[in-house]
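What follows is each chain in one-letter form.
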Amino acid sequence: KAGVTQTPRYLIKTRGQQVTLSCSPISGHRSVSWYQQTPGQGLQFLFEYFSETQRNKGNFPGRFSGRQFSNSRSEMNVSTLELGDSALYLCASSLDGGAGELFFGEGSRLTVL
Amino acid sequence: GDSVTQMEGPVTLSEEAFLTINCTYTATGYPSLFWYVQYPGEGLQLLLKATKADDKGSNKGFEATYRKETTSFHLEKGSVQVSDSAVYFCALSEGGGSNYKLTFGKGTLLTVNP
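If you're wondering where the values come from, they're calculated on a predicted model, not measured in any experiment.

A. Spatial organisation of the nonpolar core. Residues and elements named next belong to chain B. Of all hydrophobic cores here, the largest spans 26 residues; its most connected members are L19, W35, L47, L48, F73, L75 and Y88. Broken down by secondary-structure element, the contributors of at least two residues to this core are β2 (11-14), β3 (19-21), β4 (23-26), β5 (32-38), β6 (44-50), β8 (62-65), β10 (86-93) and β12 (108-113). If one sorts the elements of this core by residue count, β10 sits on top with four residues. What Y88 contacts, discounting residues up to four positions off in sequence, is Q6, I21, W35, Y36, V37, L47, F62, L75, G107, T108 and L110.

B. Structural context of empty space enclosed by the protein. Counting across every chain of the model gives one cavity of 30 Å³ or more. As a volume, the largest cavity reaches approximately 60 Å³. Contributing to the lining of the largest cavity are 14 residues, with A:G97, A:G98, A:L102, B:Y100 and B:K101 lying nearest its centre. Tallied by class, residues from the lining of the largest cavity come to six nonpolar, six polar and two charged.

C. Structural context of the environment of B:G61. Tracing the chain through its elements places B:G61 in the loop between β7 (56-59) and β8. Linking B:G61 and B:E76, residues 15 residues apart in sequence, is a C-alpha distance of 8.4 Å.

D. Inspection of the side chain of B:Q6 at higher detail. Residues and elements named next belong to chain B. Mapped onto the elements, Q6 comes out in strand β1 (residues 3-6). For Q6, a relative accessible area of 6% corresponds to the buried category. Here C90 takes part through its backbone nitrogen, which lies 2.9 Å from a polar atom of the side chain of Q6. For Q6, the contacting residues outside a window of four places in its chain are I21, N22, C23, W35, Y88, F89, C90, G105, K106, G107 and T108.

E. Highlighting the pattern of salt bridges. Residue and element names in this part refer to chain A. In this structure the tally under the stated criterion is nine salt bridges over all chains. When the shortest N-O distance is used, the salt bridge between R9 and E106 registers 2.8 Å. Separated by 97 residues along the polypeptide, R9 in the loop between β1 (5-7) and β2 (10-13) and E106 in the loop between β10 (103-104) and β11 (108-112) bring together distant segments of the chain. Of the residues examined, R9 reaches a relative accessible area of 30% and is grouped as partly exposed. Two residues, E75 and R67, come together in a salt bridge whose shortest N-O distance is 3.3 Å. A relative accessible area of 16% places E75 in the buried class.

Thresholds applied
Residues numbered from 1 in each chain as written. Chains lettered and ligands numbered in written order. Predicted model: local features only at pLDDT ≥ 70, side-chain atom pairs only at ≥ 80, totals over all residues. Heavy atoms only, no water. Core = buried A, V, L, I, M, F, W, Y, C linked by side-chain atoms within 4.5 Å. Buried < 20%, exposed > 50% of the residue type's maximum accessible area, 1.4 Å probe, protein only. Helix = DSSP H or I, 4+ residues; strand = E, 2+ residues; numbered from the N terminus. Contact = heavy atoms within 4.5 Å. 1 Å grid on protein atoms, 1.4 Å probe; cavity = no way out; pocket = protein on both sides within 12 Å on 5 of 7 lines; lining within 4 Å. Points joined across faces, edges and corners; volume = space filled by probe spheres on them. Nonpolar A, V, L, I, M, F, W, Y, C, P; charged D, E, K, R; others polar. Polar contact = N/O pair within 3.5 Å; in protein donor to acceptor, adjacent residues only side chain to side chain. Salt bridge = Lys/Arg side-chain N within 4 Å of Asp/Glu carboxyl O.

What follows is the structure in structure tokens.
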């Protein structure tokens, strides 16, 4: 069974640009959530989607957005990039997003110059 | 809001040593508790979990007991191996997961030397 796939794995952008990250969940999983991982703040919750609906959102500015498609694949977008957005962005999938196990991808490492 | 506090380390041990990584939490309800592990260059994977007070989660020789009275979920292993070198994250899910997110501690880097 294929795991959670995130693309691209690495990318470099400059301030002011925007970026789109993609996540393909494990087959059959309908919940996709996104986390930002940085050395200073650790892992912080961005948002969670289930059946194309955002059910919860973390404390991030509106420049961070996401969506989920009917096949459960998800994308997140960051507009007007800032240096502080440099991080590892992790996607996780689960059957229903509840208290069960989250399955994480390897992440997309974004560097903003 | 919910929060998780864990010893940040780094922790360096010799092979076969005893491991304890402390984790305490603050939550308004009755959270589920988790330990996740991140090996170098990989995403996080669930190590063990406990969903109610006094539950003991265990996996791969690691154990943690959900202590409601001390709001703790300390991770222990009796004899660590070099292959256990990784970053360990304590996490909670509030209210049975009804808010659909995990709150993580900042992680503890464990290095095990041969």
